[in-house]
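What follows is each chain in one-letter form.
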Amino acid sequence: LAMFPPNLANYFINRFSQKGDLVVDPFCGRGTTPLEAYLLERNAVGSALNPLAVSLSRGKLHAPTGIDGMVKVIKRVQELEDKFTITKTQYSEQAKKIRRRSEKPPSVGVVFGKNVLEQLLFLQKELISSSPHNPVDPFLISIILGAMHGSSDSYFSVSMPNTFSMSPKYIKKYVNENKLKYPNRNVFAILRERAAVALYSAEEIQNTFAEIHEHNAEQFDTIDFKKPAKLLFSSPPYLKVIKYGQYNWIRLWFLGEDYKQVDEDLSDDLALDDYLDFMENVI
């Protein structure tokens, strides 16, 4: 929600910086500015306070590249699927409980069928809760987040009309009114297919660095930039327009985050004067 088009960032980065320059964005969101800077052979540093935004940005900027990268991704997905097959029974009862209490936290029981929930619970444990992680895991996490819910069979959920997360009660009502059935999907197969599409044009840019920090924008200057910034290009958060946490509660569930806490931590629900003070501090 509320992202600006990549060609807008591309235009200004191309016009006001040179190859090798550092481009920064203290409100990088899903990583549009850092990614465009990286593709234009600039160095990039971005930060966001929303853990979902950080996960999406890191997935993009640290995606594996080339044939070798694709092989590593496919190998990792197969490794995860094989392990799930062996341990599946321990997630079955957990998925049943979530489905039974579908309107109580975590309310994802109204979004996913039992078999999909089993796979997501496993991936949540392996990719989010466990450590150390495989180097391709941040990329896989970003792919999973993009596939959580939608209207086609390339998503994990029951058919949903919007890409933002509707309330559990609305989803349950929508499913009942439209007589929808929860699909029996292979999350790993969808993950492989989406990863292949995402990596089709991925390329490694030599002699550049790209970093994404989970950081309050008011402390952006405490980051070690390694070199002076040439350009700051950013889109600050809207004020009292979008609930960045609430509208993404399903994706935040996978990350193990409480959407209410995310909205409380962000600075987009302030009084106007406080918001202007916040923005002045950032600038």
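Our structure is the block above this text.
Reading the values: rules and limits
Residues numbered from 1 in each chain as written. Predicted model: local features only at pLDDT ≥ 70, side-chain atom pairs only at ≥ 80, totals over all residues. Heavy atoms only, no water. Salt bridge = Lys/Arg side-chain N within 4 Å of Asp/Glu carboxyl O. Helix = DSSP H or I, 4+ residues; strand = E, 2+ residues; numbered from the N terminus. Buried < 20%, exposed > 50% of the residue type's maximum accessible area, 1.4 Å probe, protein only.

## Considerations on the pattern of salt bridges
Turning to step 1, where the next piece is worked out: If you walk through the whole model with that rule in mind, you get 11 salt bridges.
Turning to step 2, where the next piece is worked out: As a salt-bridge pair, Glu-79 and Arg-76 come within 2.4 Å of each other at their nearest N and O atoms. Of this pair, Glu-79 and Arg-76 both sit in helix 4 (residues 66-87), three residues apart, which is roughly one turn of the helix.
Turning to step 3, where the next piece is worked out: The class for Glu-79 is partly exposed, based on a relative accessible area of 41%.
Turning to step 4, where the next piece is worked out: Judged by relative accessible area, which is 8%, Arg-76 ranks as buried.
Turning to step 5, where the next piece is worked out: A salt bridge links Asp-269 to Lys-243; its shortest N-O distance comes to 3.8 Å. Separated by 26 residues along the polypeptide, Asp-269 in the loop between helix 11 (259-265) and helix 12 (272-282) and Lys-243 in the loop between strand 4 (229-232) and helix 10 (249-254) bring together distant segments of the chain.
Turning to step 6, where the next piece is worked out: The class for Asp-269 is partly exposed, based on a relative accessible area of 45%.

## Thoughts on unusual backbone geometry
Turning to step 1, where the next piece is worked out: The residue Lys-179 is not glycine, and still its phi comes out positive at about 50°.
Turning to step 2, where the next piece is worked out: Of note, Lys-179 is situated in the loop between helix 8 (168-177) and helix 9 (187-199).
Turning to step 3, where the next piece is worked out: Even without a glycine there, the phi angle at Lys-226 is positive, about 75°.
Turning to step 4, where the next piece is worked out: Inspection of the secondary structure assignment puts Lys-226 in the loop between strand 3 (210-214) and strand 4.

## A word on the environment of Lys-179
Turning to step 1, where the next piece is worked out: For Lys-179, a relative accessible area of 71% corresponds to the exposed category.
Turning to step 2, where the next piece is worked out: The spatial distance from the C-alpha of Lys-179 to the C-alpha of Val-197 is 32 Å, given a sequence separation of 18 residues.

Such coordinate-based values are descriptive only and should not be taken to indicate function.
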